[in-house]
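Per-entry structural report
Spelled out from the first residue to the last, the chains are:
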Amino acid sequence: MRYPQGGRLTPERQAFRERIRLEAVERFAAGTSCVEVARELRVSVRSVQRWRRAWQDAGVDGVRSTGPASLPKLSDALFAVLEKELDKGPVAHGWPDQTWTLSRIKTLIGRRFHKKMTLPGISQMLRRHGWSHQVPARRATERDDAAVAGWVKETWPFVELRRRRSAPTSSSKTRRASR
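This text gives an overview of the structure that appears in the document. One numbering rule holds for all chains: residues counted from 1, following each sequence as written. Per-residue local features of the predicted model are confined to residues with pLDDT of at least 70, and side-chain atom pairs are confined, for both listing and counting, to 80 or more; whole-chain, interface and lining totals are unaffected and use all residues. The basis for every side-chain value is the complete set of heavy atoms in the structure, and neither hydrogens nor water enter the calculation.

1. So, the packing of aromatic side chains
Between rings of Phe, Tyr and Trp, where Trp is taken as its six-membered ring, a pair exists when centres lie within 6.5 Å; planes separated by under 30 degrees are stacked, by over 60 edge-to-face, and by other angles tilted. Scanning the entire structure with this criterion turns up three aromatic pairs. Ring plane angle 40° and centroid distance 5.6 Å describe the contact between Phe-28 and Trp-55, whose orientation is recorded as tilted. Here Trp-55 lies in helix H3 (residues 45-58) and Phe-28 lies in helix H1 (residues 11-29), a separation of 27 residues in the sequence. Owing to a relative accessible area of 4%, Phe-28 belongs among the buried residues under this scheme. For the exposure calls, accessible area comes from a 1.4 Å probe over protein chains only, and a residue counts as buried if that area is under 20% of its type's maximum, exposed if over 50%, partly exposed in between. On the accessibility criterion, Trp-55 (22% relative accessible area) is partly exposed. Ring geometry for Trp-151 against Trp-156: centres 5.9 Å apart, planes inclined by 35°, an arrangement best described as tilted. For Trp-151, a relative accessible area of 42% translates into the label partly exposed. By the criteria applied, helices consist of DSSP H or I runs no shorter than four residues and strands consist of E runs no shorter than two, each listed in order from the N terminus.

This is the structure in structure tokens:
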């Protein structure tokens with residue numbers, strides 16, 4: 001993804017970028033070249049050229065932020081309804097166990113709101129609203145920590161695949177022995 005926030009800039013970062021573009025406009029008005037503006041603001045020359053063209057075409061409003069490229073699929077009101085449906089649990093919606101998966105949430109959104117969303121889009125939407133991956137609230141009472149530790153120490157090394165040792169290779173497409 002392009003940005004660490006799941007493909008979107010935070011509002012603070014958007015404001016910072018807009019301030020940079022407005023500083024560039026001030027320098028354009030003063031007659032500074034694109035290369036000098038790029039060096040002073042520590043951005044690419046191509047971006048400065050794009051901003052100058054937008055400023056010449058539409059003035060200061062041409063470089064201002066227009067906001068997000070699209071509106072979210074589910075508004076805050078609809079997401080509140082989705083949260084209530086998720087709180088009811090998967091069994092209330094016809095699934096056999098109490099595990100919410102992204103595909104189940106996608107089906108729920110389709111049934112309830114008649115909207116289609118991708119699984120990554122659902123994941124990002126849930127993270128944006130503070131939801132995270134499910135983690136059990138408590139451990140099973142039957143769990144035996146000593147047995148688990150023994151299994152990890154004794155059995156797992158034999159189950160785990162052994163690494164192949166690296167050997168010198170040839171860039172030739174034929175094997176050395178066949179030449």
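2. Points about the packing of helix H2 (residues 34-41) against H3
To get an axis, fit a line to the C-alpha atoms, keeping to the stretch in contact for a helix; angles then go from 0 to 180 degrees between the N-to-C directions. Two elements in contact, H2 and H3, have axes separated by 9 Å at closest approach and are oriented at 120°. The orientation of H2 relative to H3 falls into the category oblique. Remark: the crossing between H2 and H3 carries right-handed chirality. On H3, the residues that touch Cys-34, Val-35, Val-37 and Ala-38 of H2 are Val-45, Val-48, Gln-49 and Arg-52. Per-class residue counts for the contact of H2 with H3 are six nonpolar, one polar and one charged. Angular relationships are summarised with four words: roughly parallel below 35 degrees, roughly antiparallel beyond 145, roughly perpendicular across 65 to 115, and oblique for the angles in between. By definition, turning the near helix anticlockwise from the far helix through less than a right angle yields a left-handed crossing, and turning it clockwise yields a right-handed one. Residues are treated as being in contact if the distance between any of their heavy atoms lies within 4.5 Å. We call Asp, Glu, Lys and Arg charged. Ala, Val, Leu, Ile, Met, Phe, Trp, Tyr, Cys and Pro are nonpolar, and the rest, Gly among them, are polar.

3. Re the layout of surface pockets
Both site types are read off a 1 Å grid over the protein atoms alone. A 1.4 Å probe that fits but cannot get out defines a cavity, while an open set with protein on both sides within 12 Å along at least five of seven lines defines a pocket; lining residues have an atom within 4 Å of a point. Grid points are joined across faces, edges and corners, and a volume is the space filled by probe spheres set on the points. As a volume, the second largest pocket reaches approximately 280 Å³. If you list the elements that add at least two residues to the lining of the second largest pocket, you get helix H5 (102-113) and helix H6 (119-128). In terms of residue count, the dominant contributor to the lining of the second largest pocket is H6 (three residues). Looking at the lining of the second largest pocket residue by residue, the classes come out as six nonpolar, five polar and one charged.

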